[in-house]
Amino acid sequence: MDGIFGITNSPYWVRGKRLCDWAQEWLKAWNKLDAITEIKQDPRLRLQETFGSLPLPSEWTENQQLAVATKLDFYPQDNPIAHLLADITETDKQIWLGEPSIENLAAWLAIQVPPECKPLERVWQNQFLEHNLGIYYQTSDKLKLLRRWLGIAEPAITELPKYPLAIPNCLTQEFDRYWEQQLYRSDGQILENLILSEQVGCERIATVAYNVLENRPNLLNKVREKKIAAYLSHQQRETLSNKQPPPIPEPLDIQATPQEALRWVTESYLPFRRWEIAIHQPISAQNISDRLADSFVVWILHHYPQMKENDVKDSQLNYSVASLVQNLCQTSPVLWVVIDGLGWLDHLELLSFLTQNQQLAIETYIQPRFSILPTTTAYAKWSLYTQLLPNDSAWVKDAGKALPKMEIGKRYTDSDKAKLLQDLKKGKHKLYCWIRNNLTNYTKLNEIGNTGIKLNAPTPWKESPEKSNLSLPEHSYPEQLQVIVTSDRGQILGVCEQITYPDNLEAQGRIVIGKIDDPRFVVLESDRYGLPHDISIVKGAATLSSFSYSQIKKLSVPTVGYFPKKLLLAYLYCENLYNAVQC
């Protein structure tokens with residue numbers, strides 16, 4: 001009532017039935033009933049009508065009852081509690097106003113209502129008592145019921161259809177953790193009989209299974225891989241496929257042609273070697289691939305003397321790449337990236353990395369080559385640049401002096417990168433030979449172009465967290481620049497045995513000058529293999545203790561060995577690289 005009693009002009013609230021009746025009679029006597037602004041029902045009575053058979057919360061004070069009743073009065077009176085709950089939870093009103101159904105039940109169970117509003121939600125639930133889903137709407141623990149419906153709590157609900165929505169955010173971590181535990185406890189066996197398409201959250205289960213199988217490849221088999229394949233990305237399927245044991249190759253036939261030998265190494269031996277060392281991880285004495293490598297030793301020692309006699313441009317040896325580079329330089333500038341120790345499998349990863357999303361055009365697909373013997377820098381890399389065998393009179397130990405023999409372009413190392421960037425931008429040379437020495441020690445190659453694109457190419461068996469930046473600015477004539485990516489020699493996978501050599505011979509890093517009468521070594525005679533002197537090298541994956549020049553002469557070297565892990569290299573010809581992504 002507006003200030004009718006003459007004390008103030010502010011409105012008055014009169015509470016209590018007796019006082020309200022008295023005030024109303026008083027106003028009637030003074031003919032001022034129009035001063036009554038609103039006649040409100042007792043909030044407790046108002047709420048009791050709304051709650052029906054349910055009791056009001058005993059902890060609600062009169063003020064709280066008035067606040068709730070007042071709030072409800074603002075909404076349409078056909079279902080004010082539904083509107084209020086929708087606003088409080090900031091959810092779709094149709095969930096609260098709709099008819100009971102499997103979809104409605106699924107959506108409602110995932111909504112978390114504040115504790116103080118649960119009595120109102122209970123009133124909302126009570127309206128579905130007679131519905132055939134009423135037993136589920138009457139739950140006093142929504143999350144528990146939801147867990148049972150999702151199959152991550154016992155007893156599971158089997159009488160309802162499959163939960164029709166995505167796993168609610170409030171339970172995603174718990175859902176993933178449950179399936180991870182199931183996979184580990186069953187050693188992956190649970191996947192065998194699982195019809196994934198009929199499971200709640202099948203995409204999430206597949207992702208969890210992928211992570212478990214990638215982490216524990218001993219749990220992986222073709223059946224389990226097939227179960228989740230439809231829910232994985234191409235890269236994820238590739239990763240699992242690479243962890244499957246490939247067929248054990250037959251030994252390389254001594255009569256195989258060079259092309260057949262290259263196919264044997266790239267398609268059979270190296271994939272098996274990678275799986276055996278990185279996934280299977282037997283003790284060293286049980287390595288099948290080490291024994292298979294012996295057949296390659298026999299083959300290369302037999303065929304290399306003839307291969308070195310072929311014309312450079314047609315040769316299967318690595319220095320034929322330099323001939324290709326020279327020819328390209330006649331018509332366009334060339335960036336020749338020589339990556340130290342990049343093995344064949346690494347090269348495949350690099351190719352996938354550079355061509356993902358069709359951002360890079362490949363002019364000539366990756367091609368394998370045999371390294372010059374022996375595969376150390378002083379010999380193999382010198383020949384790579386000069387197109388000459390190490391027995392040439394021009395041979396020197398310093399491979400850095402080899403590129404000038406091409407009489408074109410300039411050689412850059414990682415420390416010269418700033419100069420390379422500058423010269424490329426100016427278009428200063430026909431040939432830019434960039435020697436990369438810091439890539440194969442890293443798990444990821446990061447490609448950063450002018451567009452800010454960042455790409456990653458993991459190297460499967462390496463765990464170092466460092467990264468390598470390969471960014472370059474555009475050449476002054478980007479449409480003309482051609483790119484060749486090649487390696488000087490490969491890398492071995494696995495742990496190396498340390499062996500000793502006779503004290504009367506000279507060791508140079510991973511080779512010994514002279515002949516060693518020891519079955520663990522092979523001897524490359526100077527006249528037969530095109531060398532300045534006889535050289536003995538370790539036959540398999542071992543290394544010389546003399547590689548370390550410390551007093552105790554001991555060092556574990558994970559990147560040595562020769563047949564065929566280090567002998568195989570590759571080159572990749574990329575057309576118009578700078579129109580796509582920078583390398």
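Refer to the structure printed above.
The rules behind these values
Residues numbered from 1 in each chain as written. Predicted model: local features only at pLDDT ≥ 70, side-chain atom pairs only at ≥ 80, totals over all residues. Heavy atoms only, no water. Helix = DSSP H or I, 4+ residues; strand = E, 2+ residues; numbered from the N terminus. Expected span 1.5 Å × (residues − 1). Buried < 20%, exposed > 50% of the residue type's maximum accessible area, 1.4 Å probe, protein only. Arc of directions from axis to C-beta. Contact = heavy atoms within 4.5 Å. Pairing = 2+ DSSP bridges. Right-handed = clockwise from strand over helix to strand, strands pointing away.

It is worth spelling out helix α3 (residues 62-73) at this point. The terminal C-alpha atoms of α3, which comprises twelve residues, lie 16 Å apart, in line with the 16 Å expected from a rise of 1.5 Å per residue. Restricting attention to buried positions, one finds in α3 the residues Gln65, Val68, Ala69 and Leu72. Projected onto a plane normal to the axis of α3, the buried residues spread over an arc of 95° and lie on a single side. Lining the buried residues of α3 we find α2 (43-51), α4 (80-89) and α7 (118-126).

A large share of strand β8 (residues 482-487) lies buried, amounting to six of its six residues. The side-chain alternation of β8 yields two buried faces, one formed by Gln482, Ile484 and Thr486 and the other by Val483, Val485 and Ser487. Of the pairings in the sheet, the one linking strand β1 (residues 334-339) to β8 comprises six bridges and is parallel in character. Within the sheet, the bridge partner assigned to Trp336 lies in β8 and is Ile484.

We now examine the pairing of strand β4 (residues 431-436). For β4, the tally of buried residues reaches six of six residues, placing the bulk of the element in the interior. The two faces of β4 match: Leu431, Cys433 and Ile435 on one face and Tyr432, Trp434 and Arg436 on the other face are all buried. Bridging between β1 and β4 involves six bridges; their strand directions are parallel. Paired with Val338 across the two strands is Ile435, which belongs to β4. Relative to β4, strand β3 (residues 410-412) runs parallel, the two being bridged by three bridges. Its bridge partner lying in β4, Arg411 is registered against Cys433. What joins β3 to β4 is helix α19 (residues 417-426), and the crossover it makes is right-handed.

Let's shift gears to unusual backbone geometry. That bond from Glu154 to Pro155 is cis: its omega, -5°, falls within 30 degrees of zero. At Gln387, a position not held by glycine, the phi torsion is positive, near 65°. You can see Gln387 is positioned in the loop between α18 (377-386) and β3. With a phi angle near 60°, Glu407 is a residue other than glycine that sits in the positive phi range. With respect to the element layout, Glu407 can be found in the loop between α18 and β3. Residue classification places Glu407 among the exposed positions, given a relative accessible area of 73%.

As a further point, take α18. The periodicity of an α-helix, 3.6 residues per turn, causes residues three or four places apart in sequence to face the same way. Burial within α18 is extensive, with nine of its ten residues counted as buried. Just beyond α18, the residue with positive phi is Gln387, at close to 65°.

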